[in-house]
Amino acid sequence: MNEEKVNGGVEIQMKSRMSRTALASVIMMCVLGVLAISVILTAVIPKSYAITLPKTEPSYVQIYKGSTTAVGQVYNDADADKDSKEQKSYNELKKAFDDSFSTSTLNAIFQKELTNKIEYNYLGTNNKTLNDIVTNNEYVLEFVYASEQTLKNGSKDFICSELANSSSLYEDGVVKFKKLWVTVNNIDGINEVKFYVQKRVSETSSQLSYAVIEIVTKAQQSKLASVIANITA
């Protein structure tokens, strides 16, 4: 009788251990499943560093390398043959440019660049010229628009507080521009990239005066730099 009780107790303990082991296995599988789903999601969910650019396409893009003399330019002609060499070059450049501001959330995490605050900086008047920009970067792209564009911060107009309510030409502080400069450097990974626009603040014919706005964000530009090198080769 005692032997039967002992055997029964052992059997109950074994079943209890098996139940706990099975439960632990189920919990572990659930945890691994959640982790796997998280990795998959972060690998496919995009992360964007793009600023709000004009919806209007530029008329053409000038390419500078080391000096203010353009080493290349590509034209955007809506009426041109989409298979023409000129239009293909523009489309390839614009796609590489747009793609440079997008990556996966997983890649952003690995490079410790998940968070990014786009900065808008007022640099003063006439203290940043094209020559200053091209001498400190591998390439500079100059987007040239047929008509004035408005600088945006997200969906709203960017208001330069340093110029608003001043004696400037445009007292509301809204920044209008026809040219947009962008720095490009062939560096692996996600790195800082800067945009520059000039806002005219004086109509004096003898000496035009411009306020310079700098926009700082991030991008992966190695592919874009490669496309530029091919265009200018």
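Residues numbered from 1 in each chain as written. Predicted model: local features only at pLDDT ≥ 70, side-chain atom pairs only at ≥ 80, totals over all residues. Heavy atoms only, no water.

Visitor: Help me out: how do you make sense of the overall build of the protein chain in this one?
Guide: Counting secondary structure elements, the protein chain contains five helices and eleven strands. Counting over 233 residues, the protein chain shows a buried share of 34%. For the protein chain, contacts bridging at least 24 residues in sequence account for 71% of all contacts bridging at least 6. Approximately 14000 Å² of the protein chain is accessible, and the part contributed by carbon and sulfur atoms is 53%. (Helix = DSSP H or I, 4+ residues; strand = E, 2+ residues; numbered from the N terminus. Buried < 20%, exposed > 50% of the residue type's maximum accessible area, 1.4 Å probe, protein only. Contact = heavy atoms within 4.5 Å. Areas by Shrake-Rupley, 256 points an atom, 1.4 Å probe, with all protein chains shown as cover.)

Visitor: Hey, could you run me through the packing of aromatic side chains in this one?
Guide: The description of two aromatic rings rests on the distance between their centres and on the angle between their planes. A full pass over the atoms with the stated rule returns seven aromatic pairs. Here the aromatic cluster, defined as three or more aromatic residues joined through ring pairs, consists of F97, F101, F143 and F195. (Phe/Tyr/Trp six-rings, centres within 6.5 Å; stacked < 30°, edge-to-face > 60°.)

Visitor: Would you mind showing me how to read the nonpolar core here?
Guide: Most often, soluble globular proteins keep nonpolar side chains buried together rather than apart. Grouped together as the largest cluster of nonpolar side chains are 34 residues, with contacts concentrated most on L141 and L151. Discounting residues that sit within four places of it in the chain, L151 has contacts with Y120, D157, F158, V175, F177, V197, I213 and I215. Ranked by size, the runner-up nonpolar core spans eight residues in total, among them I133, V134, W181 and Y196. (Core = buried A, V, L, I, M, F, W, Y, C linked by side-chain atoms within 4.5 Å.)

Visitor: What's the story with helix α2 (residues 85-99) in this structure? I'm lost.
Guide: Here α2 is 15 residues long and its end C-alpha atoms lie 21 Å apart, about the 21 Å a rise of 1.5 Å per residue gives. For α2, every residue scored as buried is listed here: Q87, S89, Y90, L93, K94, A96 and F97. (Expected span 1.5 Å × (residues − 1).)

Visitor: Where do I start with unusual backbone geometry in this structure?
Guide: If a residue is not glycine, its phi is most likely negative; likewise, a peptide bond is most likely trans. Despite not being glycine, K112 has its phi angle at roughly 55°, a positive value. Among the secondary structure elements, K112 is positioned in the loop between α3 (105-110) and β5 (119-125). Look at K112 and you get exposed, because its relative accessible area is 75%.

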